[in-house]
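Here is how the chains run, residue by residue.
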Amino acid sequence: AQRVTQPEKLLSVFKGAPVELKCNYSYSGSPELFWYVQYSRQRLQLLLRHISRESIKGFTADLNKGETSFHLKKPFAQEEDSAMYYCALRTSGTYKYIFGTGTRLKVLA
Amino acid sequence: EAGVTQSPTHLIKTRGQQATLRCSPISGHTSVYWYQQALGLGLQFLLWYDEGEERNRGNFPPRFSGRQFPNYSSELNVNALELEDSALYLCASSPDENYGYTFGSGTRLTVV
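All values reported here derive from a predicted model rather than from experimental measurement. (Residues numbered from 1 in each chain as written. Chains lettered and ligands numbered in written order. Predicted model: local features only at pLDDT ≥ 70, side-chain atom pairs only at ≥ 80, totals over all residues. Heavy atoms only, no water.)

J.: Can you tell me about the interface of chain A and chain B, naming the residues and giving the values?
T.: Residue-level contacts link 16 residues of chain A with 20 residues of chain B. When the two sides are added together, the surface that chain A and chain B hide from each other amounts to roughly 1,700 Å², 55% of it contributed by carbon and sulfur. Connecting chain A to chain B are zero salt bridges. At the boundary of chain A and chain B, one finds five residue pairs in polar contact (both at pLDDT 80 or more). At the level of secondary structure, the elements contributing two or more residues to the side of chain A that touches chain B comprise strand 5 (32-38), strand 6 (45-49), strand 9 (83-90) and strand 10 (97-99) of chain A. Per-element accounting of the side of chain A that touches chain B gives the leading share, three residues, to strand 5 of chain A. For the side of chain A that touches chain B, the residue count by class is nine nonpolar, three polar and four charged. (Contact = heavy atoms within 4.5 Å. Buried area = accessible area lost by both parts, 1.4 Å probe. Salt bridge = Lys/Arg side-chain N within 4 Å of Asp/Glu carboxyl O. Polar contact = N/O pair within 3.5 Å; in protein donor to acceptor, adjacent residues only side chain to side chain. Helix = DSSP H or I, 4+ residues; strand = E, 2+ residues; numbered from the N terminus. Nonpolar A, V, L, I, M, F, W, Y, C, P; charged D, E, K, R; others polar.)

The following block contains the structure:
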């Protein structure tokens, strides 16, 4: 079965500390992975896509097919990074996304 | 450019009634996706419409249905409402399969 797992419901880090939000997926084919973010009182928005290999707001994510992971990382957390983060999987040949249950990141001053 | 717009923002219905939720995609986007975000369950895929046709649906009962109009806006209808249908319903559109979604701000449906 296709599944996305975000094991941490809440992750608290201090400002300036490194951040890693974990995402593991289960899918036998070739996956497309995304990270979405929802800041307080804002709509859910795309943060980054693995196919573009980009860094957005200092965040990066590398697809590790061996470990079936797509962890989101940032070397130095900022208070404005506090938000809800969702990992999503799009299976090949479909337009359907499977979302994880999300991780709430709190960056403490 | 206007984003994805959803209406109403909030909707309160009684169990057994019907609810109609509306979504307008970004101009030029022909695909509309509906998701249910229930507390503690994350986002669950409901329906995908493209060019006026239902292309895919998630694991939801038939009382969840919808349609897409010629202007690509969409309606989600939920019949015979149950208490567990209370959730945030999100609509999204996308220019193509590789780009990712642009989400609306959602309709919060409360069934009492």
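J.: Now, about the state of the cysteines: what can you tell me, with residues and values included?
T.: Residues and elements named next belong to chain B. Applying the stated criterion across every chain, the model contains two disulfides over all chains. Covalently, Cys 23 is tied to Cys 91 through a disulfide, its sulfur atoms 1.8 Å apart. Measuring the twist about the S-S bond at about -60°, one finds the Cys 23-Cys 91 disulfide to be left-handed. Taken together, the positions of Cys 23 in strand 3 (residues 19-24) and Cys 91 in strand 9 (residues 87-94) put the pair 68 residues apart, joining distant regions of the chain. (Disulfide = S-S within 2.5 Å.)

J.: Outline the nonpolar core, listing residues and values.
T.: Core analysis: the biggest nonpolar cluster contains 26 residues, and Trp 35, Leu 72 and Tyr 85 of chain A have the highest contact counts within it. Mapped onto this core, the elements with two or more residues apiece are strand 2 (10-14), strand 3 (19-21), strand 5, strand 6, strand 9 and strand 11 (103-108) of chain A. Counting 22 residues, the second largest nonpolar core, distinct from the first, contains Ile 26, Trp 34, Ala 38 and Tyr 89 of chain B. (Core = buried A, V, L, I, M, F, W, Y, C linked by side-chain atoms within 4.5 Å. Buried < 20%, exposed > 50% of the residue type's maximum accessible area, 1.4 Å probe, protein only.)

J.: Before we move on, could you go through the packing of aromatic side chains and cite the residues and values that matter?
T.: Tallying each qualifying case throughout the model produces 17 aromatic pairs over all chains. Look at Tyr 35 of chain B and Phe 103 of chain B: their rings are 6.4 Å apart centre to centre, the planes differ by 65°, and that puts the pair in the edge-to-face class. A residue pair is termed long-range when its members are at least 10 positions apart, and Tyr 35 of chain B in strand 4 (residues 31-38) and Phe 103 of chain B in strand 10 (residues 102-103) qualify at 68 residues. Given the relative accessible area of 1%, Phe 103 of chain B is considered buried. Through successive ring pairs, a cluster of aromatic residues spans Phe 34, Tyr 36, Tyr 97 and Phe 99 of chain A together with Tyr 33, Tyr 35, Phe 45, Trp 48, Tyr 101 and Phe 103 of chain B. (Phe/Tyr/Trp six-rings, centres within 6.5 Å; stacked < 30°, edge-to-face > 60°.)

J.: Could you give an account of unusual backbone geometry, with specific residues and numbers?
T.: Residue Pro 8 of chain B is bonded to the preceding Ser 7 of chain B through a cis peptide linkage, with omega at -10°. Here Pro 8 of chain B is to be found in the loop between strand 1 (5-7) and strand 2 (10-13). The phi dihedral of Arg 41 of chain A falls on the positive side, at around 65°, and the residue is not glycine.

J.: Requested: an account of the environment of Thr 91 of chain A, with residues and values cited.
T.: Residues and elements named next belong to chain A. In this structure, Thr 91 sits in the loop between strand 9 and strand 10. Separated by 63 residues in the primary sequence, Thr 91 and Ser 28 have C-alpha atoms spaced 9.3 Å apart. With sequence-adjacent residues up to four places away left out, Thr 91 is seen in contact with Gln 2, Tyr 27, Lys 96 and Ile 98.

J.: Describe the sheet that holds strand 3 of chain A, and please don't skip the residues or the numbers.
T.: All names here are of chain A. Taken in spatial order, the three strands of this open sheet run 3-8-7, and their pairing is antiparallel. Two strands in the sheet have a free side with no partner beyond their single neighbour: strand 3 and strand 7 (60-61). Note: strand 3 against strand 8 (residues 72-74), three bridges, orientation antiparallel. Paired with Glu 20 across the strands is Lys 73, a residue of strand 8. (Pairing = 2+ DSSP bridges.)

J.: So what about the sheet that holds strand 3 of chain B? Which residues, and what values?
T.: Residue and element names in this part refer to chain B. On the basis of which strands lie adjacent, the open sheet formed by four strands has the order 1-3-8-7 and antiparallel pairing. The open sheet has two edge strands, strand 1 and strand 7 (64-68), and neither has a second partner. Taken pair by pair, the neighbouring strands of this sheet meet at an average axis angle of 20°, ignoring direction. Pairing geometry for strand 3 and strand 8 (residues 74-78), over five bridges, is antiparallel. (Axes fitted to C-alpha atoms, helices over the stretch in contact; angles between N-to-C directions.)

Structural measurements only, silent on function.
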